[in-house]
Amino acid sequence: MFGQEYDVIVVGAGHAGSEAAAAAANLGCSTLLITMNLQNIAQMSCNPAMGGIAKGQIVREIDALGGYSGIISDSSAIQFKMLNKSKGPAMWSPRVQSDRMRFAEDWRMKLEATKNLDFYQEMVSGLIIENGRVCGVKTTLGIEVRCKSVVLTNGTFLNGLIHIGEKQFGGGRAGERAATGITEQLVDLGFESGRMKTGTPPRVDGRSLDYSKMIEQPGDTKPEKFSYAPETKPLTEQRSCFMTYTSPIVHDLLKEGFDRSPMFNGSIKSIGPRYCPSIEDKINRFADKERHQMFIEPEGWNTCEVYVNGFSTSLPEDIQFKALRSVVGFEKVKFFRPGYAIEYDYFPPTQLKHTLETKLIDGLYFAGQINGTTGYEEAASQGLMAGMNAALKVKENEPLILTRDEAYIGVLIDDLITKGTEEPYRMFTSRAEYRTLLRQDNADFRLTPKANAIGLASDERMRAMENKKEKSSSFISFLKETSISEKIANPILEEKSSAPMKHSDKIFKVLSRPQISLTDLLEVESIKTYVEKNQLNQEMLDQAEIQVKYSGYIEKEKNNADKLSRLEHLKIPDNFDYKKLKSLSYEAGEKMSKIKPVTIAQASRISGVSPSDISVLLVHLGR
């Protein structure tokens, strides 16, 4: 069966593995996806949702690059929300609640319909390495499959250990065994490894909850969608989430189990996600808070299983149950399964290149939680880039590397390989210094041309993007050139408490006022006629309005990005000997020798490297 040599083998079929396999296969490479259980492809191991703050931007970027996460999120969505709409557009973040079972099914159907992609169910226990290059994988049945490159996307399965109270058992996820062998081999080859921890809340029977005591959280009245592709449509029907709160009584009941908590009795030694703490961690760290929010999220259209967001825990199951029964609306709750924590192996990502290829082994790529990240979206974006670059390398083409001013994905990967991480890394808008440029609405403008150039985003996608760009630009020109009289404008301005006009002015200037939105002006005859005649859709209108209102900020950020991009083009020679620079600080020399930055800009982002160290480097390089 495995007589052929594959171009790319992807190990693991979570969010990272699914995107990696799709990208490599769609770029024309013979690809094999190996996973321990084909029934669990693209499983939503934690909450049934995609997107959110900064994560929604990542899903839009994956979609713009030709990945599938946006399309699958749309096809399996049960609710859509655009978060942070009260803030500026750089902060707007799309999020969907998903039907967990449909999400995994849609992913599998998408992958099965992908040319050049084969599947195999078994555990990979080791790699075939020859002369510093990966040449294949070995399975627990002793099968060897040869290939030109391997993408490891092992998630939480590498030596996974599950904790519920004082109970511990091996597993990569509830009901699934851990993966063994790979960590030990990689450490023997010279890789540095570490341990991380994550957790998940209980799942409960929605029929046992009293929603009348909770606060309803409906979706948007005019829901949008993730994908730029026409194959998906916005939701016409949605399911609501609900919100309730913990209380001092709940906290006291939880504290009864602290002596049996693996978080506090020393069983768990690794670090968990800072921005998604367990409920026991929250009431311990924020002892002054009398209550914490809990979001009750349905797992699908038809199932009664419910995800209890905000109640992640590894406390004993009897404590979890007793405490939850004291939450408003949960008085008669029945468990489907308790929450748990899981510890797993990861490899500090400073051991990678910007392509996500390892520095030690040629042709070996890491993506997802193996790199110390947390979150479906972060994993999927890494999988896409690793699968893409593995395929490009096999085809002997230039890699695709996204910079910090081009994509949140660029920020994510640069942060990981330049700074590393000692706790599960999660993306936030605050991590991106160019977030006004990296908005969710313009991901196709930024990235579709790059993906189309390498053959991943279709020509149809490219034409749709160019049409949107051309029509929104033409509309902006119309707004700059067309005047509106004070007679027509003043009633609108008065209603919005904006100063009246004394004479006619360009529509562009009126729309630039902070109190005025494009919606307020759409009934003005000249604008209405233009929009209808040119068939402008909501995406085009939103794009034009953002460009009008934030043009000053966007221009300023572009100038800052251009200045810094000059340093991105200043290359540092391979195998540069930092020790010979006597004026360089010891810490800078040590860290740069380890990370091996490719450019001056990357070197400047390494923690411990000061501006004076960069000056020394620039002088030595003759700049």
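A few points on the structure. (Residues numbered from 1 in each chain as written. Predicted model: local features only at pLDDT ≥ 70, side-chain atom pairs only at ≥ 80, totals over all residues. Heavy atoms only, no water.)

A few points about the sheet that holds strand β14 (residues 215–217)
Read across the sheet, six strands follow the order β14-β15-β16-β17-β13-β18 without closing on themselves; strand pairing throughout is antiparallel. Of all strands in the sheet, those with a lone pairing partner are β14 and β18 (335–337), marking the two edges. Mean inter-strand twist for the sheet, computed between neighbouring axes without regard to direction, equals 35 degrees. In the sheet, β14 pairs with strand β15 (residues 241–245) via three bridges, with the strands oriented antiparallel. Note that in β15 the partner of Q217 across the bridge is C241. Where helix α8 (residues 317–324) meets the sheet, it contacts β13 (203–205), β16 (293–298), β17 (305–309) and β18, and its direction lies at approximately 145 degrees from that of β18. (Pairing = 2+ DSSP bridges. Helix = DSSP H or I, 4+ residues; strand = E, 2+ residues; numbered from the N terminus. Axes fitted to C-alpha atoms, helices over the stretch in contact; angles between N-to-C directions. Contact = heavy atoms within 4.5 Å.)

Notes on the packing of helix α9 (residues 376–394) against helix α10 (residues 408–419)
Between α9 and α10, the shortest axis-to-axis distance is 10 Å and the interhelical angle comes to 85 degrees. Taken together, the axes of α9 and α10 are roughly perpendicular relative to one another. Contacts from E378, S381, Q382 and M385 in α9 reach I409, L412, I413 and L416 in α10. Broken down by class, the residue content of the contact of α9 with α10 amounts to five nonpolar, two polar and one charged. (Parallel < 35°, antiparallel > 145°, perpendicular 65-115°, else oblique. Nonpolar A, V, L, I, M, F, W, Y, C, P; charged D, E, K, R; others polar.)

Some words on the packing of aromatic side chains
This structure, assessed with the given rule, holds 15 aromatic pairs. Aromatic pair Y275 and F428: ring centres 4.6 Å apart, planes at 75 degrees, arrangement edge-to-face. One end of the pair, Y275, is in the loop between α6 (248–255) and α7 (279–285); the other, F428, is in the loop between α10 and α11 (443–454), with 153 residues separating them in the sequence. For the ring pair F475 and F478, a centre distance of 6.1 Å and an interplane angle of 10 degrees mean the geometry is stacked. One end of the pair, F475, and the other, F478, are both in helix α12 (residues 459–481), three residues apart, so they sit about a helical turn from each other. (Phe/Tyr/Trp six-rings, centres within 6.5 Å; stacked < 30°, edge-to-face > 60°.)

Side note on the pattern of salt bridges
Counted according to the given criterion, the structure contains 40 salt bridges. Among the salt bridges present, the one from R337 reaches E305, with a minimum N-O distance of 2.9 Å. Of this pair, R337 sits in strand β18 while E305 sits in strand β17, and the two are 32 residues apart along the sequence. For E305, a relative accessible area of 15% corresponds to the buried category. Salt-bridge contacts for R439 lead to D441; the nearest nitrogen and oxygen are separated by 2.9 Å. Bridged by salt links that share partners, the residues R404, D414, D415, K419, E433, E568 and R605 form one connected network. (Salt bridge = Lys/Arg side-chain N within 4 Å of Asp/Glu carboxyl O. Buried < 20%, exposed > 50% of the residue type's maximum accessible area, 1.4 Å probe, protein only.)

Purely geometric numbers; function is a separate question.
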